[in-house]
Amino acid sequence: MRILICEDSVLLREGLVRLLEDAGHDVVAALPEASDLAATVADRHPDLCILDVRLPPTYTDEGIRAALALRAADPALPVLVLSQYVEERYASDLIAGRGGALGYLLKDRVADVSEFLETVDQIAAGGTVFDPEVVAQLLGRRARDERMQRLTAREASVLALIAEGKSNQAIAKTLYISEGSVEKHITSVFQKLDLEPDESGNRRVLAALVHLSHGGTAASQSGDLS
């Protein structure tokens, strides 16, 4: 996989390069700031871009603005954003923008090499992955989408796990139900959130974004919900 990195910390940037290359990936560029990002992406054609949220010169929102610009220019380009802390506003801006495969992780997650590499592969393959801490904060919002009120407790649990990037098999294992039951719950969630089938087939992502943007019931580990 061809990967571009944009990270101002020399240690983390070089660490990511080493980690990804050791895993067999090709790091086509490792930039310290975003000024040349668009031109480098156009020249190197990466399969995935990894960006820090805060980049020079102001260390505020350069990274998130760069990520939004990349997704606007090429919605099919997978983007993984790394953040030192949970920055709910930036996460909300990112998930509200149009685009495809997306990840938002805290930098601490990089320390778990195998899980981080699995997340990289998942996003590159078209998946959407949000750090559990980011999900928890977004779920804690008081604002609730009226559509979310339509969901049963079980449907809300399934949707919360979808928002964490879990597959149907993983959801079934977590909630101690069959994959067939998971599929039925997901179909019901789509209907209650008014998500009609479309050509892009991205209803799963759209459902997760509704959940993340407007709150909802956190995923339950128990199997006693109906």
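Cut-offs used in this document
- Residues numbered from 1 in each chain as written.
- Predicted model: local features only at pLDDT ≥ 70, side-chain atom pairs only at ≥ 80, totals over all residues.
- Heavy atoms only, no water.
- Helix = DSSP H or I, 4+ residues; strand = E, 2+ residues; numbered from the N terminus.
- Pairing = 2+ DSSP bridges.
- Axes fitted to C-alpha atoms, helices over the stretch in contact; angles between N-to-C directions.
- Contact = heavy atoms within 4.5 Å.

Within an unreviewed UniProt entry, the label attached to the chain reads LuxR family transcriptional regulator, and the organism entered is Microbacterium mangrovi.

*Asks:* Help me understand unusual backbone geometry, please; the structure alone is not making it clear to me.
*Replies:* Peptide bonds are trans in most cases, and residues, glycine excluded, mostly fall at negative phi. Here the amide bond leading from P56 into P57 is cis, since omega sits at 10°, within 30 degrees of zero. Counting through the fold element by element, P57 comes out in the loop between β3 (48-52) and α3 (62-73). Phi at Y176 takes a positive value of approximately 60°, unusual for a residue other than glycine. The topology assignment puts Y176 in the loop between α8 (168-175) and α9 (179-192).

*Asks:* I'm lost on the sheet that holds strand β5 (residues 102-106) in this one. Help?
*Replies:* Taken together, 6 strands build an open sheet; the order of strands is β2-β1-β3-β4-β5-β6 and the sheet is parallel. The sheet is open, and its two borders are formed by β2 (26-31) and β6 (128-130), each paired with just one other strand. Averaged over all pairs of adjacent strands, the angle between strand axes in this sheet comes to 15°, irrespective of strand direction. Sheet topology places β3 next to strand β4 (residues 79-83); 4 bridges connect them, and they run parallel. The partner of L51 across the bridge, within β4, is V81. Relative to the sheet, helix α1 (residues 10-22) contacts β1 (2-6), β2, β3 and β4, its axis offset from that of β2 by approximately 175°. Packed onto the sheet, helix α5 (residues 113-124) meets β1, β3, β4, β5 and β6 and runs at close to 145° relative to β4.

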